[in-house]
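# Fold and geometry: a report
The primary structure of each chain is shown beneath.
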Amino acid sequence: MCLRLRPVGGGPLGAEAYAGVLALLGGLTPAVQALPPDGALADVRGALRYFGCDAVRLAAVIRVRALALYGVDAAVGVAGNPMLARAAAREARPGGTLLIPDEPAAVREFLAGKPVGALDGVGPKAARTLCSYGLDSVGRVAAAPPAALRRILGARLGREVHERALGIDRTPVRPGSAARTIAAERAFGLDELDPVRHRRALLSLTEELGARLRTQGPGEQGRGQVCRTLSLTVRCADRTTLTRTRTLGEPTAHTPTLTAAAYSLYEGLGLQRARVRALSLRAEDLVPAEGAARQLSLDPEDEKARRLEAVTDRVRARFGPHAIARGTLAA
């Protein structure tokens, strides 16, 4: 089961509401994996046996409780594995449940017409390669000979892509994985077409994530850490969701480095004035900052930027997060 959460009044999901929904799921099953900034994955097979109900009824109970306790609408996807559950949650309407029956024919029907880029593990390069061979939909990939896919994509990726096109996902739900990620989101008041405003939102996100990673403080997730991976999610007006992930050259919490990576991920999507509803950025694979190696820079401007960053963090820690802001964001 996968949940996609959003506040009833719109806007980004608050940290307290998100934590509350995760705790709600944790009361039903110990196998709960957070998918920041607004998703959650839960293995509810044990809960179904314990409560003596089916998954759709349990999903209805979860939706009602999330709405009553935290003011959150939950779109729920129910399927036999995490990949299918996430796909179902993306297509479920807010406050509704989409069930993919655990039957091969139903799974094939659900996946067949989707673009090949919708499959987990198929990035832009792999998608272009598959499309060049006429394999532009999940249904065509599923019907292709496995040996041909291994020749096109390589042995490991070819095997994984073929399995996923058939609806097979061997990935387990990983409880506690949220401790290795932090995320932030910017939702636009109206569907936004302007790439300049998209980039301004990305700059705001990297400023927030960088500060949260760097700032020291006990008991708070993501403090005094650096990230190895950055993931960008774009939510469009037609309810499609695009996600791209990049492994950074070295673990970092330096805002300019995060900003450059975020801009590159955004440009790689080739949105071409798409109507964007929200942008979210997730820092993944976090490690303690003191244990991470950093390549020394001979650029005096970079060292100056890092010193200024440290001073800015101290000012914000004393006077609040909005005590200092970039002129671009304050305008």
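In what follows, the structure referred to is the one given above.
First, a word on scope: everything that follows refers to the structure included in this document. The structure displayed is predicted, hence computed values, not measured ones. As a convention, each chain's residues are numbered from 1 in the sequence order in which they are written. pLDDT decides what is reported in this predicted model: residues at 70 or higher carry local features, side-chain atom pairs at 80 or more are listed and counted, and totals for whole chains, interfaces and linings draw on all residues regardless. In computing side-chain values, all of the structure's heavy atoms are included and hydrogens and water are not.

### Quick word on the overall build of the protein chain
Rules: Only runs of H or I of at least four residues qualify as helices and only runs of E of at least two qualify as strands under DSSP, and these elements are numbered from the N terminus. Three exposure classes are used, based on accessible area relative to the maximum for each residue type with a 1.4 Å probe and protein chains only: buried under 20%, partly exposed in between, and exposed over 50%. Pairs of residues are marked as contacts when any of their non-hydrogen atoms sit within 4.5 Å. Residue burial considers only the protein chains on display, and all accessible areas are found by Shrake-Rupley using a 1.4 Å probe.
Of the regular secondary structure elements, the protein chain holds 13 helices and nine strands. Looking at the protein chain residue by residue over its 331 residues, the buried ones come to 44%. Partitioning the intrachain contacts of the protein chain with sequence separation of at least 6 by distance along the chain shows that 64% fall at a separation of at least 24. About 17300 Å² of surface is accessible on the protein chain, with carbon and sulfur atoms providing 54% of the total.

### A word on the nonpolar core
Note the threshold: To form a nonpolar core, buried Ala, Val, Leu, Ile, Met, Phe, Trp, Tyr and Cys residues must be joined to one another through side-chain atoms within 4.5 Å.
Leu202, Leu213, Leu230, Leu232, Val234, Leu279 and Ala283 are the most contacted members of the largest nonpolar core, which totals 32 residues. Sorting elements by how many residues they give to this core places helix α11 (residues 255–269) first, with seven residues. Counting 30 residues, the second largest nonpolar core, distinct from the first, contains Met83, Ala89, Val116 and Ala126.

### Regarding the sheet that holds strand β7 (residues 225–236)
The criterion, for reference: By definition, two strands form a pair when at least two bridges between them are found by DSSP. All axes are obtained by fitting lines to C-alpha atoms, using only the stretch in contact for helices, and the reported angles, taken between N-to-C directions, cover 0 to 180 degrees.
The strand order β6-β9-β7-β8 describes an open sheet built from four strands, whose pairing is antiparallel. Either end of the sheet is taken by a strand with one partner, and the two such strands are β6 (182–192) and β8 (241–252). Put simply, the sheet's adjacent strands are angled 15° from each other on average, direction ignored. Here β7 pairs with β8 via eight bridges, running antiparallel. Note on β8: the bridge partner recorded for cysteine 227 is threonine 252. Contacts between helix α10 (residues 195–214) and the sheet are confined to β6, β7, β8 and β9 (276–288), with β6 contributing the most and set at about 160° to the helix.

### Brief notes about the pairing of strand β1 (residues 2–7)
Where β1 and strand β3 (residues 39–42) come together, three bridges link them in antiparallel fashion. If you follow arginine 4 over to β3, its bridge partner there is glycine 39. In this sheet, strand β4 (residues 72–78) lies alongside β1 in antiparallel orientation, the contact comprising six bridges. Within the sheet, the bridge partner assigned to leucine 5 lies in β4 and is alanine 74.

### Here we look at the environment of arginine 212
The test is simple: Here a polar contact is recorded for every N or O atom pair within 3.5 Å, except that within protein the pair must consist of a potential hydrogen donor and a potential acceptor, and residues adjacent in sequence are included only if both atoms are side-chain atoms.
In this fold, arginine 212 is placed in helix α10. Looking at arginine 212, the relative accessible area reads 27%, which means it is partly exposed. The spacing of arginine 212 and alanine 253 is 41 residues in sequence and 8.7 Å in space, taken between C-alpha atoms. Among the polar contacts listed, one links the side chain of arginine 212 to the backbone oxygen of alanine 183, at a separation of 2.8 Å.

### Remarks on the environment of serine 204
With respect to the helices, strands and loops of the structure, serine 204 is situated in helix α10. Sequence-wise, serine 204 and glutamate 185 are 19 residues apart; in three dimensions their C-alpha atoms are separated by 9.4 Å. A distance of 2.9 Å separates a polar atom in the side chain of serine 204 from a polar atom in the side chain of arginine 186.

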